[in-house]
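# Tertiary structure, described
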Number of protein chains: 2
Amino acid sequence: MSYDLYYWPFIPGRGEYVRLVLEAVGATYRDVAREEGEGAGMEAMTAGLKGRYGPQIPFAPPYLVDGEIVLSQTPVIVAYLGEKHGLAPALEADRLFARAVAVTTADFAAEIHDTHHPVGTGLYYDDQKDEARRRAEGFRNERAPKFLGWYQALLQANPSGPSQLLGSEISYVDLGLYHTVEGLKYAFPKLMARISGDYPQVMALCERVAALPAIAQYLASDRRMAFNEDGLFRHYPELDEA
Amino acid sequence: MSYDLYYWPFIPGRGEYVRLVLEAVGATYRDVAREEGEGAGMEAMTAGLKGRYGPQIPFAPPYLVDGEIVLSQTPVIVAYLGEKHGLAPALEADRLFARAVAVTTADFAAEIHDTHHPVGTGLYYDDQKDEARRRAEGFRNERAPKFLGWYQALLQANPSGPSQLLGSEISYVDLGLYHTVEGLKYAFPKLMARISGDYPQVMALCERVAALPAIAQYLASDRRMAFNEDGLFRHYPELDEA
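Sequence order sets the numbering: in each chain, residues are counted from 1 along the sequence as written. The order in which chains are written sets their letters, starting at A; the order in which ligands are written sets their numbers, starting at 1. It should be noted that, the model being predicted, local features are given only for residues of pLDDT at least 70 and side-chain atom pairs only at 80 or more, the latter also being counted only at that level, while totals for whole chains, interfaces and linings use all residues. The basis for the side-chain values is all heavy atoms of the structure; hydrogens and waters are excluded.

All right, on to the relation of the copies chain B and chain A then. Aligned on chain A, chain B shows an RMSD of 0.0 Å; the corresponding rotation is 180° and the shift along the axis is 0.0 Å. Both chain copies can therefore be described as sitting about a two-fold axis. For chain B, the residue whose C-alpha comes nearest the rotation axis is P118(B), separated from it by 2.9 Å. Contact criterion: two residues are considered in contact whenever any of their non-hydrogen atoms come within 4.5 Å of each other. Looking at the interface residues of chain B, 98% of them are also at the interface in chain A, so both copies use one shared face. All copies are superposed by least squares; the fitting set is the C-alpha atoms of residues with a pLDDT of at least 70 in both.

Written out as structure tokens, the structure is:
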């Protein structure tokens, strides 16, 4: 059985959170909008947003087609895959809490995005640079530490130890944290150089994730795209610390 | 069995999405931060954010305690309640898609919030009025029609008819749409007076939700709080249409 993933072909973006879970569980999948030919490419992606797959019309990419099931919204997709393929916590209370962690990670990513697009996604960055500078300041001083401190608190509170956010094994929410921290290091290298040391268990977990054999293999492959200034995480030096 | 809901006591906010589902299914619940005395009030809410309930530490209110289970993030809580109490679509594909609808509604609510707080939640509205005016313009012209048009498309694509978003009965995602439209009418009365007619099936569904006996009874009770300018949906005339 194979999954069809639909996401913008030129950026890692939110699609990357889904790819990491697919890769970690060793799933067979097509990255449809990155393929060429009939039934592929951006056109195929857009068709799904117009109802090609019936009444389940995604609001936006990424979405994932699994036979008759159309999954959308990143935190819903990763929870579905993680729970289905054994990459979710074992206990019911942890599984349900993992879903909330995934939504919080999506919110964190949205706030990171909004540092460069505080006024609107419909405008260019150049048309909102002043507002971005103000928003990024609050993000660096308050929001980033609040989110990172929360993950650190979860790690410290885990009765199975601080090697993963929930339960006794790496799960899909750990992959999401890893990718977000990678994005932060790309977008805010000076900020992260200064504050990473405040979250030693978060950073250690991210290293563990990157070293998982399936993930390490993926990161070294050409399936992994580089961050760039069209994506969710963008490096604009003027938004980082001085 | 009774639920404990924790949310800011002075605003409907995101907690209202949870209350509507609790009320619709006739659940017994405490609205803990709105109560007084030992183990209640804001102090009790804050204790949960500091780990009082163990390793499941919510990032922010609302959160809901169900015995040993701590649920957080609005879309996760409403899906849990809806699926548990028969207020979710019957088919698996619809149930999974409903979770994505709930996340999208939470995103929509966050964008409505950001019209009055585009620079940062840590600042007062008065300190970001100019940015808010710009962001609200894009929201009114592009984002609000995009979201409302998407709900309308779901209603039109539902093989069971346009009386509910998914499946053949009202579900928790319909309650979320209802509350968001109520919030929009409060925050942007002029905009909504002009464009509501473009989404007749959305508006008809909202009227159906308000007329459900359990919801109508709740709306008439003193448990229902009025919208106000400390909440998610705020009426600032300068952000509405001229």
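For every residue, the predictor reports its confidence as pLDDT, a number between 0 and 100. With 100% of its residues at a pLDDT of at least 70, chain A reaches an overall mean of 96. Per the prediction output, this complex has pTM 0.98; the corresponding ipTM is 0.97.

Residues and elements named next belong to chain A. Domain segmentation is taken from an automatic or database assignment of domains. Domain annotation of chain A identifies domain 1 (2-84) and domain 2 (92-212). One C-alpha centre belongs to domain 1, the other to domain 2; they are set 23 Å apart. Contacts between the two partners involve 12 residues from domain 1, matched on the other side by 14 residues from domain 2. For the pair domain 1 and domain 2, the two sides together bury roughly 1,100 Å², of which 71% comes from carbon and sulfur. Between Lys or Arg on one side and Asp or Glu on the other, a salt bridge is scored when a side-chain nitrogen of the former is within 4 Å of a carboxyl oxygen of the latter. Inspection of the region where domain 1 meets domain 2 yields 1 salt bridge. Close ionic contact of R99 with E83 constitutes a salt bridge, the shortest N to O distance being 2.9 Å. Pairing of N or O atoms within 3.5 Å defines a polar contact, subject to two protein rules: one partner must be a possible hydrogen donor and the other a possible acceptor, and residues neighboring in sequence count only if both atoms are side-chain atoms. Viewed at the interface, domain 2 and domain 1 are joined by 2 residue pairs in polar contact (both at pLDDT 80 or more). Secondary structure elements with two or more residues in the side of domain 1 that touches domain 2: α1 (15-24) and α3 (74-84). As a working definition, buried area equals the accessible area (1.4 Å probe) given up by two parts on being put together, with both sides summed. Helix numbering and strand numbering both begin at the N terminus, where a helix is a DSSP run of H or I of at least 4 residues and a strand a DSSP run of E of at least 2.

Residue and element names in this part refer to chain B. In this structure, D66 sits in strand β3 (residues 63-66). On a C-alpha basis, the gap between D66 and D4 in space is 6.8 Å, while along the polypeptide they are 62 residues apart. Residues contacting D66, with those up to four places away along its chain left out, are M1, Y3, Y80 and K84. A distance of 2.5 Å separates a polar atom in the side chain of D66 from a polar atom in the side chain of Y80.

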